[in-house]
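# Tertiary structure, described
Here is what each chain is made of, one letter per residue.
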Amino acid sequence: MANRYQGLFTQRLLSLPILQSIDDLAIRTRLPVSLISKYLRNNTRYYKHLVLKKKTGGFRPIDNPNVELKALQRWILKNLLINLSPSIYAKGFIKGISITENAAPHSGNQYILSIDLKDFFSTVKASHVFTVFKAVGYSKKISYALTSICTLNGVLPQGAPTSPALSNLVCLRLDQRIGKYCDNKALTYTRYADDITISGNKLAVIRKAWRIVRLIIESEGYFINKNKEILSGPQSQRKVTGLIVTPKVGLGREKYNHYRKEIFILVKKDDEYSTYKIQGILSFIKSVDIERYKKIKEYYESIIKKPTEKSE
């Protein structure tokens, strides 16, 4: 009984929906109990499996839930997960925070270590998700139900709207362990989804941190993509999640030239999709590097005017 009241208190304290039974979940979501119940068992049949090709090479598996299940997951995200805060070191999957905020803390540091977590979502087990729901005051029964709705084959599915937020919450202990170690060694640590970045000004310190952080990652049940481990120093261009961080955070000349070439090709295609894609490129550049945005926008406007001038 005491545990039940403690759980209710925690839910109220965190402004979470009070859920003590599947009936409560049905009332809150305005969905029939029978509909919710069918997603509490084997969910495989309710997902569509896709394999998308990555720009950087390789393939990314995507599991898209059906319309009903996705709506249920979105309710959990909007009404429950959004009220729970990840660690201060987490910069990805958070509204209002972009790759710029992830890169900025590392600006000016001499050495930058980049580590990529392999198969990130599929490494987050259902038991870890269950622990998140249980820790915020829900009973075992409700925690199990919420976990079943948000997982597939015992892990987080890449394609469910709840997976990004849950991955951040599950990584709370990982972030705290790495973050506290780095704080004590005068190092900077951030994590953007599966991209871990550690930076500092002493090579010996960051090399030792590299060994310690590997052990922490492995002890937490994650795997490192050995092909994406990079330690860059003063003699190389230092990047964090695709942005250069020296002398200041920005797009960098190489990426700028790449987008400039892509815009040129898209303008030549002259169709609705190409125009939409150009606007997306411009919007992204504006969000990370205002100076290069002004230059590339000026370039874009100059090349779309040329055909008009010739026709006159």
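Above this note sits the structure.
Residues numbered from 1 in each chain as written. Predicted model: local features only at pLDDT ≥ 70, side-chain atom pairs only at ≥ 80, totals over all residues. Heavy atoms only, no water.

Turning to helix H12 (residues 253-269), a few remarks are in order. Here H12 contains 17 residues, and its C-alpha end-to-end distance of 25 Å stays within 8% of the 24 Å for a straight helix at 1.5 Å per residue. Looking one or two places after H12, you find Asp270, whose phi comes out positive at around 50°. (Helix = DSSP H or I, 4+ residues; strand = E, 2+ residues; numbered from the N terminus. Expected span 1.5 Å × (residues − 1).)

Note on placement: Ser148 falls in helix H8 (residues 140-150). When sequence neighbours within four positions are dropped, the list of residues in contact with Ser148 reads Tyr39, Leu40 and Asn43. (Contact = heavy atoms within 4.5 Å.)

Here the focus is helix H10 (residues 172-184). End to end, H10 covers 18 Å across 13 residues, agreeing with the expected 18 Å (1.5 Å per residue, within 8%). Where the residues of H10 are buried, they touch strand S4 (188-192), strand S5 (195-200) and helix H11 (203-219). At the C-terminal side of H10, Ala186 shows a positive phi close to 60°.

This next bit is on the pairing of S4. Relative to S5, S4 is paired through 5 bridges, and the arrangement is antiparallel. Within S5, the position partnered with Tyr189 by the bridge is Ile198. The hairpin turn running from S4 into S5, its antiparallel successor, is 2 residues long, and Ala193 in that turn takes a positive phi close to 60°. (Pairing = 2+ DSSP bridges.)

Time to look at the sheet that holds strand S3 (residues 111-116). Across the sheet, 4 strands lie side by side as S4-S5-S3-S6; this open sheet has antiparallel pairing. Both edges of this open sheet fall to S4 and strand S6 (230-232), since each of them pairs with a single strand only. Put simply, the sheet's adjacent strands are angled 15° from each other on average, direction ignored. The sheet contacts of H10 involve S4 and S5, and relative to S4 the element is tilted by about 155°. (Axes fitted to C-alpha atoms, helices over the stretch in contact; angles between N-to-C directions.)

For the rest of this paragraph, the subject is the environment of Pro61. In this structure, Pro61 sits in strand S2 (residues 59-65). Placed 61 residues apart in sequence, Pro61 and Ser122 show a C-alpha to C-alpha distance of 9.9 Å. The contacts of Pro61, once residues within four sequence positions are left out, are His49, Leu50, Val51 and Gln158.

One pass over the structure, following the stated rule, counts 9 salt bridges. One salt bridge in this structure joins Glu220 and Arg173, with 3.0 Å as the shortest N-O distance. Taken together, the residues span a long stretch of sequence, with Glu220 in the loop between H11 and S6 and Arg173 in helix H10 at a distance of 47 residues. For Arg173, a relative accessible area of 56% translates into the label exposed. For Arg214, the salt bridge identified is with Glu229, shortest N-O distance 3.1 Å. Of this pair, Arg214 sits in helix H11 while Glu229 sits in the loop between H11 and S6, placing them 15 residues apart in sequence. When salt bridges with common partners are traced through the structure, they connect Arg173, Arg177 and Glu220 into a single cluster. (Salt bridge = Lys/Arg side-chain N within 4 Å of Asp/Glu carboxyl O. Buried < 20%, exposed > 50% of the residue type's maximum accessible area, 1.4 Å probe, protein only.)

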